[in-house]
Amino acid sequence: MDIVVVQLLNSLLYAAVLFLIAGGLSLVYGVMRIVNLAHGSLFALGAFVMAWLVGRLSVVLPPALLIGLLPVAAAAVALTGMVIEPTLLRPLYARAEEYQLLMTFGVLLVLEDVMRLIWGPTPLSASTLWGSFGSSTILGSQYPTYNLLVIGIGLLAAVVLWALIYRTRFGVIVRATSQDRRMASALGVNVSTVYVQAFAIGCLMAGLAGAVVVPIQGAVLGMGVDALVLSFVVVVIGGLGSLEGAAAGAFIVAIVRTLAISFFPELELAALYLIAAVVLITRPSGLFAHQ
Amino acid sequence: MKAMTLRYVPARLGAPALWLVPLALLLVAVPYVMAPYQTLLLSYGLVMAVAALGFNLLLGHTGLLSFGHAAFFGAAAYTAGFIVKYAGLTSMEAFLGGGMLSGAIIAALFGVISVGYTRIFFSILTLALSQVLWSLAFKFFWITGGTDGIRVPTPMLLGGVIPEPADKVVFLAHQYYYYVLVVFAVSTGLMWLMVNSPFGKSLAAIRDNEVRAEFVGVRVRVHRWIVFVVSGIFTGIAGALWAPLNGLATPDALYWPFSGEIVFMAVLGGLRSFAGPIVGAVVFNYLKTYAVGRTEYWQLLLGAVLIVLVLVMPEGILGTLARAARRVRGRN
């Protein structure tokens, strides 16, 4: 019984992180029609910034207060995004999408090495934060409190994002731009501003995902590239450009992965791709596609 | 429907012999005039040129951007390793045959799933599918050697007709270089014939307007699938040639950033011209070797080059040269 509860919570934890990453990827695609190959690296950037901040400030701040650094790290990534979009992506909107994909691949290469340049090749840890929360008892099982917190953050992010997109004026503008860029522009929407904002929110989500994950598993080089490929699986299952799809896809991937790891670890990734392939063959545009 | 802005313009070679013959002579002379290390570098470039040609059959000629060509390349390299390890054969022809076969089989499978999609979805799908192979190479380490990979020793060329020097570097810089050169020339010739055949024209029709091509009677999906398989075979040839040169088949050759490098090569040379990927592959290889030798942060350098390339030179080396030539001619 214990093991089931723990595995279920692990799935939820994994789903929360995956939703944050894939949701950002999907949002950026939904609004700007760009698949950002550097998205995983932005997630890694969030992790490294968080680990670095924790390492710096753990001597002055009580460990529990370090949780306040999460939004700081996420904001740093969002700022990076606000620099990348106008300088590197904006010149390419009129071009064939091959070039957009290549540009983000170039950004990926640069970001990966910049992180290595700044923080070196050794993994960074922020486990003091994780440890300071101790563990709680849930349904008779011990589970790290910090992990529960991350699950909560994931849920909260989903709710906030949903409200932002479907319940605010800003959301109306974003959805209008996403459906018809020219019409939105003709109606007086400043498309460039919407693009910067959407890209920044996507980056914020990736950065937050990296920041919440680093106290649990540390920051290593290459984590971004792995995360990117996993979030591709999520959006392929859920439907590219759909937030509901990202949430559903994250759950499916998280549960399948947890099951696969306990029963046939060799096929962990292959099982995920198999599911993605099945979804693609039966529901070509994903489970929750808009079009 | 958004018009594709990629247009393949068949290179009008005024008199091909005028520059093809000296170029061929130059390539043949390389092992005699250049240091073995330089010859080796060029071999790598020519091998990658075959892969980039195969890749560009999809992108430049048919309008499909694959981000999963590492699958065909890496699988061919592993096939060579398996042939040595499990069949005890070191024949280069067996490597080539195995590479073509593995490329064809994997492309046929991946193709069934992915050719129904175009644009970004095709790219993501090919990327995801190639990652399956990569993860398998990692997880089934008792077969594939895991991160260490599989050793691929110096092969026997043409069943031993060619005498082989004991020294590996001498072998690679002479006999093996010529072997690569011949395979490269044959592959390039075949590719040129295909692109300029009626089949090639129908591919261009698909690329330029899928709907119209369908109306004219081109079976778009079937054509795409065939092209995907052919592209896989070419990339498989490259992987088989690469394995003995590298001496190892490693998971890196299956990893998707390697697919990105193949895309990089094609764009660097120029997608719109037939020879673009060849030039791009050779130049990229020198660029990467230089960057890796110069700095620990070679990815940074390559990424920066790619970003600048996309921003200011989207037509690649050959496209930019052609435009410059047109401008000079226009002035006179």
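These figures come from a predicted structure and were not determined experimentally. The numbers attached to residues start from 1 for each chain and follow its sequence in the written order. Here every chain gets a letter starting at A, and every ligand a number starting at 1, in the order they are written. Predicted model: local features are reported for residues with pLDDT of at least 70 only, side-chain atom pairs are reported and counted for 80 or more only, and whole-chain, interface and lining totals are derived from all residues. In computing side-chain properties, one takes all heavy atoms of the structure into account and sets aside hydrogens as well as water.

Peer 1: Quick one: what's the story with the overall build of chain B, residue by residue and with numbers?
Peer 2: Regarding its fold elements, chain B presents 15 helices and 2 strands. Using C-alpha atoms as the atom set, the radius of gyration is obtained and then compared with a globule rule of 2.2 Å times the number of residues to the power 0.38. Radius of gyration (C-alpha) of chain B: 20 Å, near the 20 Å computed for a compact globule of 332 residues. The principal-axis extents of the C-alpha atoms in chain B amount to approximately 55 × 50 × 40 Å. Of all 332 residues assigned to chain B, the portion counted as buried reaches 54%. Long-range pairs, those at least 24 residues apart, make up 78% of the contacts in chain B between residues at least 6 apart in sequence. Under the convention used here, a 1.4 Å probe and the Shrake-Rupley method define accessible areas, while residue burial counts only the protein chains that appear. Counting only carbon and sulfur atoms, one obtains 71% of the accessible surface of chain B, whose full area is about 14,200 Å². Helix and strand assignments follow DSSP, with helices taken as H or I runs no shorter than four residues and strands as E runs no shorter than two, numbered in order from the N terminus. To sort residues, take the accessible area from a 1.4 Å probe on protein chains only and compare it with the maximum for the residue type: under 20% means buried, over 50% means exposed, and anything in between is partly exposed. Whether two residues are in contact is decided by their heavy atoms: any pair within 4.5 Å suffices.

Peer 1: A description of the overall build of chain A should follow, citing residues and the corresponding values.
Peer 2: Helix and strand counts for chain A stand at 12 helices and 2 strands. With respect to the principal axes defined by its C-alpha atoms, chain A has extents near 60 × 50 × 35 Å. Here chain A, with 291 residues, has 55% of them falling under the buried criterion. Summarising the internal contacts of chain A: among those between residues at least 6 apart in sequence, 76% fall at separations of at least 24.

Peer 1: Go over the pattern of salt bridges, please, and point to the residues and values.
Peer 2: Think of a salt bridge as a Lys or Arg side-chain nitrogen and an Asp or Glu carboxyl oxygen that are within 4 Å of each other. Applying the stated rule across the entire model yields 8 salt bridges over all chains. The residue Asp113(A) makes a salt bridge to Arg116(A) at a minimum N-O spacing of 3.0 Å. Taken together, the residues span about one helical turn, with Asp113(A) and Arg116(A) both in helix α4 (residues 97–119) at a distance of 3 residues. Each member of the pair Asp113(A) and Arg116(A) is classed as buried. Among the ionic pairs, Lys288(B) bridges to Glu261(B), the shortest N-O distance being 3.0 Å. Residue Lys288(B) is found in helix α13 (residues 276–294), and its partner Glu261(B) is found in helix α12 (residues 256–269); the two are separated by 27 residues along the sequence.

Peer 1: Give me a nonpolar patch on the surface: which residues, what numbers.
Peer 2: All names here are of chain A. Patch definition: residues with relative accessible area over 30% and no salt bridge; like charges joined within 9 Å; nonpolar side chains (Val, Leu, Ile, Met, Phe, Trp, Tyr) joined within 5 Å. Together, Leu-12, Phe-251, Ile-255, Leu-259, Phe-263, Phe-264 and Leu-267 make up an exposed nonpolar region whose accessible area comes to about 640 Å². It is helix α11 (residues 243–263) that contributes the most residues to the nonpolar patch, 4 residues altogether. When you line up the elements, Ile-255 lands in helix α11. Given the relative accessible area of 41%, Ile-255 is considered partly exposed.

Peer 1: So what's going on with the interface of chain B and chain A? Residues and values would help.
Peer 2: With 47 residues of chain B in contact, the opposing surface of chain A contributes 42 residues. At the boundary of chain B with chain A, total buried surface from both sides reaches about 4,100 Å², with 75% on carbon and sulfur atoms. There are 1 salt bridge connecting chain B and chain A. Here a polar contact is taken to be a pair of N or O atoms separated by no more than 3.5 Å, where protein atoms must pair a possible hydrogen donor with a possible acceptor and residues adjacent in sequence count only if both atoms sit in side chains. Taken together, chain B and chain A are joined by 7 residue pairs in polar contact (both at pLDDT 80 or more). When contributions to the side of chain B that touches chain A are tallied by element, the ones reaching two or more residues are α5 (119–139), α12 and α14 (298–312) of chain B. A per-element tally of the side of chain B that touches chain A places α5(B) first, with 14 residues. Under this grouping Gly is polar, as are all residues other than the nonpolar Ala, Val, Leu, Ile, Met, Phe, Trp, Tyr, Cys and Pro and the charged Asp, Glu, Lys and Arg. The class makeup of the residues in the side of chain B that touches chain A is 34 nonpolar, 8 polar and 5 charged. Here the quantity called buried area is the total loss of accessible area, with a 1.4 Å probe, experienced by two parts when brought into contact, counted for both.

Peer 1: Can you break down the packing of aromatic side chains residue by residue, with the values?
Peer 2: Note on ring pairs: Phe, Tyr and Trp rings are taken, using the six-membered ring of Trp, and paired if centres are within 6.5 Å. Classes follow the plane angle, with under 30 degrees stacked, over 60 edge-to-face and the rest tilted. This structure, assessed with the given rule, holds 18 aromatic pairs over all chains. Where Tyr93(A) meets Tyr195(A), the ring centres are 5.1 Å apart and the plane angle is 80°; that geometry is what we call edge-to-face. Of this pair, Tyr93(A) sits in the loop between α3 (69–89) and α4 while Tyr195(A) sits in helix α9 (residues 191–217), placing them 102 residues apart in sequence. Grouping residues by exposure puts Tyr93(A) and Tyr195(A) together as buried. Every member of this aromatic cluster is reached through a ring pair, and the members are Phe72(B), Phe110(B), Phe122(B) and Phe228(B). Lysine and arginine charges are scored as sitting over a ring when NZ or CZ, respectively, is within 6 Å of the ring centre and within 35 degrees of the ring normal. Across the ring face of Tyr99(A), the terminal group of Arg95(A) is positioned such that the distance to the ring centre comes to 5.3 Å.

Peer 1: Now, about the side chain of Ser43(B): what can you tell me, with residues and values included?
Peer 2: Its location among the elements puts Ser43(B) in helix α2 (residues 36–62). Every residue in contact with Ser43(B), bar those within four places of it in the chain, is listed here: Leu172(B), Tyr177(B), Val180(B) and Leu245(B).

Peer 1: An account of the confidence of the model for chain B is requested, with residue identities and associated values reported.
Peer 2: Caution is warranted with low-pLDDT regions, since their predicted coordinates should not be read in detail. In predicted models, pLDDT denotes the confidence assigned by the predictor to each residue on a 0 to 100 scale. Scored by pLDDT, chain B has a mean of 84; 94% of the residues are at 70 or more. Scoring the predicted complex yields pTM 0.86 and, for the interface, ipTM 0.86.

Peer 1: Can you lay out the environment of Trp256(B) for me, pointing to particular residues and giving the numbers?
Peer 2: Mapped onto the secondary structure, Trp256(B) falls in helix α12. A residue is classified by how much of its surface remains accessible, and Trp256(B), at 0% relative accessible area, is buried. Setting aside chain neighbours within four positions, we find Trp256(B) in contact with Leu37(A), Phe105(A), Leu108(A), Val225(A), Leu228(A), Val229(A), Phe67(B), Leu127(B), Ser130(B) and Gln131(B).

Peer 1: Give a description of the packing of α3(A) against α4(A) that names residues and reports values.
Peer 2: Residues and elements named next belong to chain A. Where α3 contacts α4, the axes come no closer than 11 Å and their chain directions differ by 135°. By the criterion of interaxial angle, the relationship of α3 to α4 is oblique. The handedness of the crossing between α3 and α4 comes out as right-handed. Contact with α3, carried on its side by Ile-84, Leu-88 and Leu-89, involves Met-103, Thr-104 and Val-107 of α4 and no other residues of that element. Residues of the contact of α3 with α4, tallied by class, amount to 5 nonpolar, 1 polar and no charged. A fitted line through C-alpha atoms represents every axis, and for helices the fit uses only the stretch in contact; the resulting angles, taken between N-to-C directions, go from 0 to 180 degrees. Oblique is the label for every angle not falling under 35 degrees (roughly parallel), over 145 degrees (roughly antiparallel), or within 65 to 115 degrees (roughly perpendicular). Two helices cross in a left-handed way if the nearer one is turned anticlockwise from the farther one by less than a right angle. They cross in a right-handed way if the turn is clockwise.

Peer 1: Please give an account of α9(A) that cites residues and values.
Peer 2: Residue and element names in this part refer to chain A. In this model, α9 (27 residues) spans 38 Å end to end at C-alpha, consistent with the 39 Å of a helix rising 1.5 Å per residue. Counting buried residues along α9, 21 of its 27 residues qualify, which places the element largely inside the surrounding structure. Of the residues flanking the end of α9, it is Gly-218, one or two places downstream, whose phi is positive at about 80°. To estimate how far a helix should reach, multiply one less than its number of residues by 1.5 Å.

Peer 1: Before we move on, can you summarise the confidence of the model for chain A with the specific residues and values?
Peer 2: Across chain A, the average pLDDT comes to 86, with 99% of residues at or above 70. For chain A, per-element mean pLDDT is lowest for helix α12 (residues 268–282) of chain A, which scores 78, and highest for helix α2 (residues 39–57) of chain A, which scores 92.

Peer 1: Let's hear about the pairing of strand β1 (residues 135–138) of chain A: which residues, and what values?
Peer 2: Residue and element names in this part refer to chain A. In this description, strands pair whenever DSSP reports at least two bridges between them. Note that β1 and strand β2 (residues 141–144) share 4 bridges and pair antiparallel. Bridge pairing links Ser-135 to Pro-144 in β2. A loop of 2 residues connects β1 with β2, the two strands running antiparallel in sequence, and Leu-139 in this loop sits at a positive phi of about 50°.

Peer 1: Outline the environment of Ala324(B), supporting the account with residue identities and numerical values.
Peer 2: All names here are of chain B. For Ala-324, the position within the fold is in helix α15 (residues 316–331). Residue Ala-324 is classed as partly exposed on the basis of its relative accessible area, which comes to 37%. The spatial distance from the C-alpha of Ala-324 to the C-alpha of Val-312 is 14 Å, given a sequence separation of 12 residues.

Peer 1: Report on unusual backbone geometry, specifying residues and quantitative values.
Peer 2: A positive phi is found at Arg33(A), a non-glycine position, where the angle reads about 60°. Within the secondary structure, Arg33(A) sits in the loop between α1 (2–32) and α2.

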